[in-house]
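# Report on the structure
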Amino acid sequence: MNSNFILISYIISAILFILGIKRLGKVNTARQGNFLSAIGMLIAIIATLFKMDAIPLEWVLGGILLGTIIGALSAIRVAMTAMPEMVAIFNGFGGGASALVASAELFKYLNGKEIYLAELTKNNSDLTTTMITIVLSVIIGSLTFTGSFIAWGKLQGKISGQPITYPGQNIINLLILLGVVIAAYFFVVNPENMMAFYVILGVGLLLGVLSVIPIGGADMPVVISLLNSYSGIAAASTGFVLGNQALIVSGALVGASGIFLTNIMCKGMNRSLTNVLFSAFGKVDATKTGPQSGEKITIKEMSADNVAYTMQSAESVIIVPGYGMAVAQAQHEVRKLADELEREGVDVKFAVHPVAGRMPGHMNVLLAEANISYDKLFDMDEINDDFSTADVALIIGANDVVNPAARHDESSPIYGMPILNVDYAKTTFVLKRSMNPGFAGISNELFAYENNYMVFGDAKATVSQFVETLKEEA
Amino acid sequence: MEQLISLIFIAVLATFAGAELIGKIPPQLHTPLMSGSNAISGITIVGALLAVGASGNDKLLAILGFCAIIFGTINVVGGYLVTDRMLKMFKKKGSK
């Protein structure tokens, strides 16, 4: 097909991607935006089929079929609670694909140098540029690949959620980075130096692991968002390798929007990106003795029945969901509880911290899944003043986002993070599985407060116990 | 060189466009937005297709490209579907 026609198709794809991202940012148009962007992708793929020198059906159809089956099955089967991990995995595959394409381009050159060079000259390009961009694609792509899988492992609990650190970590990383620059130099001046190429590939894979393991599990959403941006950059640099505009535009769009989204997430935690990436946040310091190691703190427990009665006689209850609710899949029970309480004439609101759960918007997705109406969900800024007039704050599996230490304890790792002011409510109930500290690995002083009561057990079981009690009363 | 400059030109414009697109995004859309833009980064499947198309009789090239097609397709198909699944839930609320 005419190459202009293919370029025009790419332009249409780019427009659809831009409109798609734009619409994804508004609640009413989000679904349509995602659809537009998918159409853009389809157009780009079809146009590319016409651009191909040959279409070896077994590879093309086989690859697309296999990828579709794996992608679709995982997307349909994944539980809403495991969404962040799923996005991480998909993202990892995108980065891996970019690294593979760039490597294939190198082998194409090695197989037929004269033809390749002639083609480059025809396209007004040169070998050095191509090799530099191959190096970039391979490093960023393979880093995204392994980094995403580590992020997945941390969220799944397959790898310790604790930051993993060792002495001289930053220096070692720096040396590795220096090593890769040297290898890249030797590779670019002599692309036949396969040793240098494998060093680059190996270091890329290693960097993904090394840069993610020192980051605490609670920060994985930010990491995934950043890796998403990286996979965009990897796609864009692969676009430079191939001289392909579709890859460059789409990759740059994702790369830039991903960085901005990452930044918004960091702001929600009142931290900088460098702080997230390099401070091994939430690492439990063995030299400090936390309250859990011997020092006595008194916490009070209350039975589920009594908690239900207290809420029943309250005028207003604010429910604060957290990751514990997600893990226990308690969102449907929580909706029943809200319904029951409202039937009793209690004013029920939900307070959603920007980083509650494992991803921004995680709680909103779950509560929406349980059919809890939009107008009952409030962002932190909207609801924080209401806690002082609320009778009950019911905290379901949230921990760090309600830890008052963030306000006053300068030694706390979460000091300065905006939190939900649950402790201003008349009474707080914390639903928790055990006294283990939260995901960030920090113990919570709220638990020992005068007006706080703990209810231990599985969140789903506890909440359905509330519902039972309220129903019996009715 | 000319080619490179014109490609950089495109990349710079697209970068600014991408940055401008992220303004006031309600927090509940952060996850779907991340997931949706992640699907777009699967555009690298275009490169994978081209790699397979240019592989000729070379098995190594074909296999590299084949793997890239699988990876890219997982990213694209999975990414769009999972985003749609999340957004479907919001939709239900909006129309109610």
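Numbers given to residues run from 1 along each chain, matching the order in which its sequence is written. As a convention, the first chain written is A and the first ligand written is 1, with the rest following in written order. Local features in a predicted model are, by the rule used here, given only for residues with pLDDT of at least 70; side-chain atom pairs are given and counted only at 80 or more, and totals for whole chains, interfaces and linings are based on all residues. Water and hydrogen atoms were dropped before computing side-chain values, which therefore reflect all heavy atoms in the structure.

So, about the nonpolar core. Residue and element names in this part refer to chain A. The definition of a nonpolar core used throughout is a set of buried Ala, Val, Leu, Ile, Met, Phe, Trp, Tyr and Cys residues joined through side-chain atoms within 4.5 Å. Remark: exposure states derive from per-residue accessible area (1.4 Å probe, protein chains only) relative to the maximum for the residue type, with buried under 20%, exposed over 50%, and partly exposed in between. Counting residues in each nonpolar core, the largest one holds 150 residues, and the members touching the most others are Met 311 and Leu 337. Ignoring sequence-local partners within four residues, the contact set of Leu 337 consists of Met 311, Ile 319, Leu 394, Val 463, Phe 466, Val 467 and Leu 470. In terms of nonpolar packing, the next biggest core, distinct from the first, is built from 24 residues, Met 380, Phe 387, Leu 420 and Ala 425 among them. By definition, residues are in contact when any of their heavy atoms lie within 4.5 Å.

All names here are of chain A. The grouping of Asp 305, Glu 468, Glu 472 and Glu 473 at the surface amounts to a negative patch. Only DSSP runs of H or I reaching four residues or more are called helices, and only runs of E reaching two or more are called strands; each is numbered from the N terminus. Of the residues forming the negative patch, the biggest block, three residues, is contributed by helix H18 (residues 459-473). The residue Glu 472 is located in helix H18 in this model. Patch definition: residues above 30% relative accessible area lacking any salt bridge, with like charges linked at up to 9 Å and the nonpolar side chains Val, Leu, Ile, Met, Phe, Trp and Tyr linked at up to 5 Å. Shrake-Rupley sampling with a 1.4 Å probe provides the accessible areas, and residues are treated as covered by the protein chains on show and by no other component. Here a salt bridge means any side-chain nitrogen of Lys or Arg lying within 4 Å of a carboxyl oxygen belonging to Asp or Glu. For the purpose of counting charges, residues Lys and Arg are taken to be positive, whereas Asp and Glu are taken to be negative. His and the chain ends are not included. Charge positions are represented by NZ for Lys, CZ for Arg, CG for Asp and CD for Glu.

Residues and elements named next belong to chain A. Taking 1.5 Å of rise per residue, the 15 residues of H18 would be expected to cover 21 Å, and the 21 Å separating its terminal C-alpha atoms lies within 8% of that figure. Within the span of H18, buried status applies to Ala 459, Thr 462, Val 463, Phe 466, Val 467, Thr 469 and Leu 470. When H18 is viewed along its axis, its buried side chains cluster within an angular range of 160° and face the same direction. Against helix H12 (304-312), helix H13 (323-328), helix H14 (331-343), strand S4 (392-396), strand S5 (427-432) and strand S6 (452-456) lie the buried residues of H18. Two N or O atoms count as a polar contact when they lie within 3.5 Å, although within protein this holds only if one can serve as hydrogen donor and the other as acceptor, and sequence-adjacent residues are included solely when both atoms are side-chain atoms. You can read the cap of H18 off the contacts: a side-chain oxygen lies 3.2 Å from the backbone nitrogen of Lys 460, and it is on Asp 458. The span you would expect from a helix comes to 1.5 Å times its residue count less one. What the arc covers is the set of directions going from the helix axis to the C-beta atoms.

So, about the domain arrangement of chain A. According to the domain assignment, chain A contains domain 1 (1-77), domain 2 (92-278) and domain 3 (304-473). Placing the centre of domain 1 of chain A and that of domain 3 of chain A at their C-alpha centroids yields a distance of 41 Å. Where each domain begins and ends is defined by an automated method or by a domain database.

Okay, the sheet that holds S4 of chain A next. Residue and element names in this part refer to chain A. At least two DSSP bridges between two strands are required for those strands to pair. Spatially, S3-S2-S1-S4-S5-S6 is the arrangement adopted by the six strands of the open sheet, whose pairing is parallel. The sheet terminates laterally at strand S3 (377-379) and S6, the two strands that pair on one side only. In this sheet, neighbouring strand axes are inclined to one another by 25° on average, regardless of whether the strands run parallel or antiparallel. In this sheet, strand S2 (residues 347-352) lies alongside strand S1 (residues 316-321) in parallel orientation, the contact comprising four bridges. Note that in S2 the partner of Ile 319 across the bridge is Phe 350. Set on the sheet, helix H15 (residues 362-369) makes contact with S1, S2 and S3; between it and S2 the angle comes to about 145°. Helix axes use the C-alpha atoms of the stretch in contact, all axes being lines fitted to C-alpha atoms, and the angles between their N-to-C directions lie in the range 0 to 180 degrees.

To continue, consider the confidence of the model for chain B. Every residue carries a pLDDT, the predictor's confidence in it, which falls somewhere between 0 and 100. When the pLDDT values of chain B are averaged, the result is 87; 93% of them are 70 or greater. Taken together, the stretch residues 92-96 of chain B has pLDDT below 50 and engages in seven contacts with residues farther than four places along the chain or on a different chain.

Let us now look at the interface of chain A and chain B. Opposite the 105 residues of chain A that make contact, chain B presents 83 residues. Of the roughly 8,200 Å² buried between chain A and chain B on both sides combined, carbon and sulfur atoms contribute 77%. The largest per-residue losses of area from chain A upon contact with chain B belong to Arg 31, Met 41 and Trp 59 of chain A, which jointly make up 9% of the total buried on that side. Summed over the shared surface of chain A and chain B, the result is one salt bridge. A salt bridge links Asp 84 of chain B to Arg 31 of chain A; its shortest N-O distance comes to 2.8 Å. The interface formed by chain A and chain B contains 12 residue pairs in polar contact (both at pLDDT 80 or more). When residues of the side of chain A that touches chain B are traced back to their parent elements, those giving at least two are helix H1 (3-24), helix H2 (30-51), helix H3 (57-77), helix H4 (83-111), helix H6 (127-156), helix H9 (220-242), helix H10 (245-268) and H15 of chain A. Among the elements that make up the side of chain A that touches chain B, the one with the highest residue count is H4 of chain A (17 residues). Following the grouping adopted for this structure description, the nonpolar residues are Ala, Val, Leu, Ile, Met, Phe, Trp, Tyr, Cys and Pro, the charged ones are Asp, Glu, Lys and Arg, and the polar ones are all others, Gly among them. Classifying every residue of the side of chain A that touches chain B by side-chain character gives 59 nonpolar, 36 polar and 10 charged. What counts as buried area is the accessible surface, traced by a 1.4 Å probe, that two parts surrender upon association, with contributions from both included.

All right, on to the packing of aromatic side chains then. Aromatic ring pairs are reported here in terms of the distance separating the ring centres and the angle at which the planes meet. Residues and elements named next belong to chain A. Centres within 6.5 Å are what make two rings of Phe, Tyr or Trp a pair, Trp counting through its six-membered ring; a difference in plane orientation under 30 degrees is then read as stacked, over 60 as edge-to-face, and the rest as tilted. Using the criterion set out here, one finds 12 aromatic pairs over all chains in the structure. Residues Tyr 185 and Phe 186 carry aromatic rings whose centres are separated by 5.7 Å and whose planes lie at 70° to one another, so their mutual orientation is edge-to-face. On the numbers, 6.1 Å between centres and 40° between planes, the contact of Phe 429 with Tyr 453 is tilted. Taken as a pair, Phe 429 in strand S5 and Tyr 453 in strand S6 lie far apart in primary sequence, 24 residues in all. Residue classification places Phe 429 among the buried positions, given a relative accessible area of 0%. According to the relative accessible area criterion, Tyr 453 is partly exposed, its value standing at 23%.

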